[in-house]
Amino acid sequence: VLLALRETGGAGDVDAFLRDVEQYRQQSDLAAQSETFPESAHRAEVLRGMVRRTYATAVGPAADGLRAVWCHRAHGVDGLGWGEVARRVKRGGLDTLVPNMAWAGRAYYASSVLPRATATDHLAACLSAAQQHGLKLHVWFVCFNLEGATEGFVGQMRREGRLQRAADGRESTWLCPSHPANRLHHLDAVRELVTAYPVNGVMLDY
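What you are looking at is a predicted structure, and each value in this text was computed from that prediction instead of being measured.

Chemist: Quick question: what am I supposed to make of the packing of aromatic side chains here?
Modeler: One pair of aromatic rings is described through two measures. These are the centre distance and the angle between the planes. All chains considered together, the criterion is met by two aromatic pairs. Lying over the aromatic face of Phe-17, Arg-53 brings its terminal NZ or CZ to 3.7 Å of the ring centre. In this structure, Arg-106 is placed above the aromatic ring of Trp-103, and the distance from its NZ or CZ to the ring centre is 4.2 Å.

Structure follows, in structure tokens:
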């Protein structure tokens, strides 16, 4: 499979990676005659990682689409800054970040439409890292869902009659998608987002 990918235009380091894989495999075969099982299992895990790296490099970025990674945390991966996340995403052969930066009742960037979830502008940090590493950025916007919204904002929506209700009248903490004010709320949020930040797109969840 890796050879076929290389022959159809895989990225530059594939040949070197393939040689490394084959060399390590041969060494492992020889070592297996004298090593303990835990040592052989460790070698197998190392080899699996080398094959993954080679595969990701061979596939490379899509020419007619996108290869994206979604991240549900606005700050990125725990223990890593957006710069390191972007570096690893690029190295892995992907070309697009899709970070979850907006919900119906909270934003992780400077917004005057959505309530701010934090004083930190996580979108600005993510966008800077994406641009530095040549990645596109599509903001993941969770529509109508009020998870994480403040009690004050949910209470305001309740008083204005903008929450969803089931046929039996039971209320849920989601904005009602048929309410004109809620649709305008989302349109305003997206308009503000793409005007204030040079993102490549917005993914509307739900």
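Chemist: I'm lost on unusual backbone geometry in this one. Help?
Modeler: Excluding glycine, residues mostly have negative phi values, and the peptide bonds linking residues are mostly trans. The backbone phi angle of Phe-144 is positive, close to 70°, even though this residue is not glycine. Tracing the chain through its elements places Phe-144 in the loop between β4 (136-142) and α6 (151-159). The phi dihedral of Tyr-206 falls on the positive side, at around 65°, and the residue is not glycine. Mapped onto the elements, Tyr-206 comes out in the segment after β7 (201-205). The class for Tyr-206 is exposed, based on a relative accessible area of 62%.

Chemist: What is the right way to read the nonpolar core from this model?
Modeler: Soluble globular proteins tend to pack their nonpolar side chains together in the buried interior. Among the nonpolar cores identified, the biggest contains 31 residues, and Trp-82, Leu-97, Met-101, Tyr-109, Leu-123 and Leu-137 are the most heavily contacted of them. Ignoring sequence-local partners within four residues, the contact set of Trp-82 consists of Cys-71, Arg-73, Ala-74, His-75, Gly-76, Leu-97, Pro-99, Met-101, His-122, Ala-125, Cys-126 and Ala-129. Among the nonpolar cores identified, the runner-up in size contains 10 residues, and Cys-143, Leu-146, Phe-153 and Met-157 belong to it.

Chemist: Quick question: what am I supposed to make of the packing of helix α4 (residues 82-91) against helix α5 (residues 122-132) here?
Modeler: Packed helix pairs are characterised by how far apart their axes lie and by the angle those axes make with each other. Following both chains from N to C, one finds α4 and α5 inclined at 40°, their axes separated by 8 Å at the closest point. When the axes of α4 and α5 are compared, the pair comes out oblique. The element α4 and its partner α5 pack so that their crossing is right-handed. Here α4 contributes Trp-82, Gly-83 and Ala-86 to the contact with α5, which in turn contributes His-122, Ala-125, Cys-126, Ala-129 and Ala-130. Split by residue class, the contact of α4 with α5 holds six nonpolar, two polar and no charged.

Chemist: Mind showing me how you'd approach the state of the cysteines here?
Modeler: Every disulfide links exactly two cysteines, by a covalent bond between their sulfur atoms. Scanning the model with the defined rule gives zero disulfides in all. Free cysteine: Cys-126, not disulfide-bonded; nearest cysteine sulfur from Cys-71 at 7.9 Å. Its relative accessible area of 0% is what places Cys-126 among the buried residues. Residue Cys-143 stays outside any disulfide, its sulfur separated by 14 Å from that of Cys-176, the closest cysteine. When its relative accessible area of 7% is taken as the criterion, Cys-143 is described as buried.

Conventions adopted
Residues numbered from 1 in each chain as written. Predicted model: local features only at pLDDT ≥ 70, side-chain atom pairs only at ≥ 80, totals over all residues. Heavy atoms only, no water. Phe/Tyr/Trp six-rings, centres within 6.5 Å; stacked < 30°, edge-to-face > 60°. Lys NZ or Arg CZ within 6 Å of the ring centre and 35° of its normal. Helix = DSSP H or I, 4+ residues; strand = E, 2+ residues; numbered from the N terminus. Buried < 20%, exposed > 50% of the residue type's maximum accessible area, 1.4 Å probe, protein only. Core = buried A, V, L, I, M, F, W, Y, C linked by side-chain atoms within 4.5 Å. Contact = heavy atoms within 4.5 Å. Axes fitted to C-alpha atoms, helices over the stretch in contact; angles between N-to-C directions. Parallel < 35°, antiparallel > 145°, perpendicular 65-115°, else oblique. Left-handed = near helix turned anticlockwise from the far one by under 90°. Nonpolar A, V, L, I, M, F, W, Y, C, P; charged D, E, K, R; others polar. Disulfide = S-S within 2.5 Å.

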